[in-house]
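Geometric and topological summary
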Amino acid sequence: MNSSFHSLSEIQRRIDEVKLFLSTTLRIANAHTVEFYTHDVWNRFMAVSAEEVLIAFSSRSDHQGEPEGRRKVQSRTTFGFCSDTNRLVDPCELLQSAKAHSLPSLRVCMSRDELLKALRQNTSESCASPAQIGEFEPDEFMNSKKSHEVQSMSEVVACLARHRGVKQVIDVGSGKGYLSSFLSLQYGLRVYGIDSSSTNTHGAQERNRKLKKFSKAYQKHKKTVRAQGGAAETHQEEFAVTQAGVDAHDDALFGTEEKEERVPVPRDSSGTDLEVERHSKLNTETEELFLSALSVDVIQTSRVSPVTLTDEERQRRKKENLERKARNRTSSAHAVFSPLTSYVTAETELQELINELENAVMVGLHTCGDLAPSTLRMFVAKPELAAVCSVGCCYHQLSEEFDPALQGSSQGVFGFPLSQHLRRHSCFCGRNARMSACLALERVSLGQGIQMESLFYRAVLHVMLRDHYSSFKSDQRVGNVYSKAQSFVDYVRRALRRLELDDSKLSDADIQQYHDSYGPRRDEMRAFNMLKVSLAPCIEGLILLDRLCYLKEQEENSLAALVQLFDPLLSPRCYAVVGVKSCGDKIKTEDKLVGKSCD
């Protein structure tokens with residue numbers, strides 16, 4: 001059975017399984033790392049050594065079984081915790097249970113390819129694949145992560161639009177407009193990008209203007225190459241190199257945070273730079289390409305003087321030009337990216353923002369905090385929204401309805417829980433647990449993702465604040481002090497000044513003594529944070545299953561699925577919640593029923 005088409009009751013059962021697991025383990029995720037030493041976190045939660053926990057991680061990564069000495073205690077444990085003391089006694093059991101309650105093991109997700117296959121099988125043959133109006137390479141303008149996300153998601157969005165026969169896309173939280181621009185330029189969709197930041201909106205508009213110019217030049221160059229019978233692939237590489245010089249210092253297009261990794265330059269046996277040598281022979285062509293990227297003029301490698309043209313040839317060219325302009329106007333009327341500045345919620349009237357609004361697909365790529373659930377609420381509430389594809393992020397920014405600190409709050413709409421099923425259970429995660437959900441297990445498993453020394457510095461600083469200063473709170477922020485500090489002593493002095501505290505109370509020797517005193521306990525913090533990382537997929541899974549359950553609870557949806565769109569190593573927040581509203585008869589796909597296209 002295709003895992004994407006689980007029934008509502010099956011999704012609810014999976015949610016209950018994850019919720020039961022987290023009811024025992026969530027307190028680890030909610031422990032504040034800053035308070036690790038001041039609250040003696042290790043001894044409160046652990047009945048094993050740090051070494052045992054780290055060995056358990058190593059055993060899991062090496063695909064080994066659990067140690068013999070641990071198997072005999074399982075009967076007295078719940079997910080590795082002692083039933084009497086509630087302290088961890090079997091880290092292997094905990095890690096195995098965490099893996100069993102993560103999304104891949106729950107088998108409730110479908111792959112991107114499975115989704116595309118299902119959409120194309122339920123779409124008329126004439127539009128089984130999204131039409132691409134251009135050959136546009138996003139990795140020429142984005143880093144590898146963003147390029148991967150935009151290419152993977154845009155094909156899904158284009159298929160959703162074709163499946164439902166719509167031409168408009170609403171990109172919520174569009175940011176710099178990468179996805180919006182690509183959908184417009186590559187797939188000919190009319191895209192409205194909505195972002196609450198006017199800076200993002202203006203930047204996206206300017207970037208899109210430049211991309212459109214570059215895209216036109218790129219297409220004309222490709223046509224010229226074909227007409228001359230040249231090697232298109234070689235020229236495409238040359239053009240990609242050339243474009244790097246176009247407005248290279250313009251942050252609106254080539255932001256410093258979006259730099260590509262550079263490929264090593266090939267050299268021959270004599271050490272000659274082959275790229276430089278090759279391009280030195282092509283200066284004339286590359287200069288033309290550079291100018292064409294700044295102009296909408298047609299690339300012409302050889303011009304014929306108008307004087308030599310016959311009257312008949314002039315009329316023919318004039319007619320062709322008029323026809324081309326008419327086609328461009330028609331295409332532009334449909335393939336447009338319009339950035340808008342607005343703060344949107346489920347109550348937002350889209351027709352007040354978009355005068356030309358028609359039936360549309362709503363999308364969100366890494367929408368922060370409550371914006372992701374708001375996107376799903378808008379999809380359910382607005383009849384003009386035919387489909388949705390939402391990838392959320394920043395779970396720590398979610399508001400929780402059953403947060404004890406918010407009881408009695410006037411806030412009426414919350415980001416979690418979204419489904420009636422979890423609302424009936426008054427489900428609550430906690431901010432630290434939601435922060436843990438943002439950790440990337442795949443990256444940490446490869447030794448990436450956690451700045452352990454900075455966490456150690458901050459926890460020891462907290463001990464010093466307790467011992468020498470009358471007021472200290474775990475939520476006090478010292479900012480990005482660690483990256484600037486030359487040593488622990490320097491870190492402490494910078495942090496104290498940032499907190500506006502008198503750092504003359506402590507000598508350098510006093511500060512260093514704290515570092516040396518807690519140094520032997522570093523492995524405890526490392527092991528504890530590894531346990532938090534192992535719980536991250538389970539907490540993220542509960543949040544995403546809640547959103548999937550919410551869509552399943554709506555009877556008018558023909559498809560509701562959780563889809564892995566991205567490679568988690570490139571993009572850790574890799575899951576999309578996808579929904580399609582019913583619009584006709586049901587047809588069979590993979591032995592299950594999904595909605596038929598309205599075409």
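Residues numbered from 1 in each chain as written. Predicted model: local features only at pLDDT ≥ 70, side-chain atom pairs only at ≥ 80, totals over all residues. Heavy atoms only, no water.

**Here's the deal with the sheet that holds strand 3 (residues 109-111)**
The sheet built from eight strands is open, its strands ordered 3-9-10-8-7-4-5-6 with mixed pairing. Here the strands that pair on one side only, and so sit at the sheet edges, are strand 3 and strand 6 (337-341). Within this sheet the neighbouring strands show an average axis-to-axis angle of 25°, counted without direction. Where strand 7 (residues 360-368) and strand 8 (residues 385-393) come together, eight bridges link them in parallel fashion. (Pairing = 2+ DSSP bridges. Helix = DSSP H or I, 4+ residues; strand = E, 2+ residues; numbered from the N terminus. Axes fitted to C-alpha atoms, helices over the stretch in contact; angles between N-to-C directions.)

**Observations regarding the packing of helix 20 (residues 452-468) against helix 21 (residues 488-498)**
Two elements in contact, helix 20 and helix 21, have axes separated by 11 Å at closest approach and are oriented at 60°. Relative to helix 21, the element helix 20 is oriented oblique. By crossing handedness, the relation of helix 20 to helix 21 is classed as right-handed. Side by side, helix 20 and helix 21 meet where Tyr457, Arg458, Val460, Leu461, Met464 and Leu465 of the first sit next to Phe488, Tyr491, Val492, Ala495 and Leu496 of the second. Residues that form the contact of helix 20 with helix 21 fall into these classes: ten nonpolar, no polar and one charged. (Parallel < 35°, antiparallel > 145°, perpendicular 65-115°, else oblique. Left-handed = near helix turned anticlockwise from the far one by under 90°. Contact = heavy atoms within 4.5 Å. Nonpolar A, V, L, I, M, F, W, Y, C, P; charged D, E, K, R; others polar.)

**Quick word on unusual backbone geometry**
Backbone geometry follows two general trends: most residues other than glycine have a negative phi, and most peptide bonds adopt the trans configuration. In this structure, proline 417 follows phenylalanine 416 across a cis peptide bond, with omega equal to -5°. The residue proline 417 is located in the loop between strand 8 and helix 17 (420-424) in this model. Residues other than glycine seldom take positive phi values, yet asparagine 86 does so here, at roughly 60°. Within the secondary structure layout, asparagine 86 lies in the loop between strand 2 (81-82) and helix 5 (91-100). Here asparagine 86 falls in the partly exposed class, since its relative accessible area comes to 44%. In this structure, serine 426 is a non-glycine residue whose phi angle is positive, near 50°. (Buried < 20%, exposed > 50% of the residue type's maximum accessible area, 1.4 Å probe, protein only.)

**Remarks on the environment of serine 338**
Structurally, serine 338 is set in strand 6. Taking the C-alpha atoms as reference points, serine 338 and isoleucine 194, 144 residues apart in sequence, are found 8.6 Å from one another. Setting aside chain neighbours within four positions, we find serine 338 in contact with Arg190, Val191, Tyr192 and Gly193.

**Observations concerning the packing of aromatic side chains**
Each aromatic ring pair is summarised here by two numbers: the centre-to-centre distance and the angle between the ring planes. Taken as a whole and judged by the stated rule, the model has twelve aromatic pairs. Seen from their ring centres, tyrosine 37 and phenylalanine 456 are 6.2 Å apart, and the 90° between their planes marks the pair as edge-to-face. Taken together, the residues tyrosine 37 in the loop between helix 1 (8-30) and helix 2 (41-45) and phenylalanine 456 in helix 20 connect sequence positions 419 residues apart. Across the pair, exposure class does not vary: tyrosine 37 and phenylalanine 456 are buried alike. For the ring pair phenylalanine 45 and phenylalanine 528, a centre distance of 6.2 Å and an interplane angle of 25° mean the geometry is stacked. With phenylalanine 45 in helix 2 and phenylalanine 528 in helix 23 (residues 522-552), this pair connects stretches of sequence that are 483 residues apart. Of the aromatic side chains, those joined through ring pairs into one cluster are Phe36, Tyr37, Phe45, Phe456, Tyr457, Tyr482, Phe488, Tyr491, Tyr518 and Phe528. The cationic tip of lysine 581 hangs over the ring face of phenylalanine 379; the distance from NZ or CZ to the ring centre is 4.9 Å. (Phe/Tyr/Trp six-rings, centres within 6.5 Å; stacked < 30°, edge-to-face > 60°. Lys NZ or Arg CZ within 6 Å of the ring centre and 35° of its normal.)

**Examining the pattern of salt bridges**
A full pass over the atoms with the stated rule returns 16 salt bridges. Of the charged contacts in the structure, one is a salt bridge between glutamate 400 and arginine 434, with a shortest N-O distance of 2.6 Å. Highlighted residues: glutamate 400 in the loop between strand 8 and helix 17 and arginine 434 in helix 18 (residues 431-436), separated in sequence by 34 residues. Each member of the pair glutamate 400 and arginine 434 is classed as buried. Taking the shortest distance from any N to any O, the salt bridge between arginine 494 and aspartate 490 comes out at 3.2 Å. With arginine 494 and aspartate 490 both in helix 21 and four residues apart, this pair spans about one turn of that helix. The partly exposed category is assigned to arginine 494, whose relative accessible area is 31%. Through salt bridges with shared partners, one network takes in Arg112, Asp113, Arg120 and Glu155. (Salt bridge = Lys/Arg side-chain N within 4 Å of Asp/Glu carboxyl O.)

Just geometry here; none of it tells us what the structure is for.
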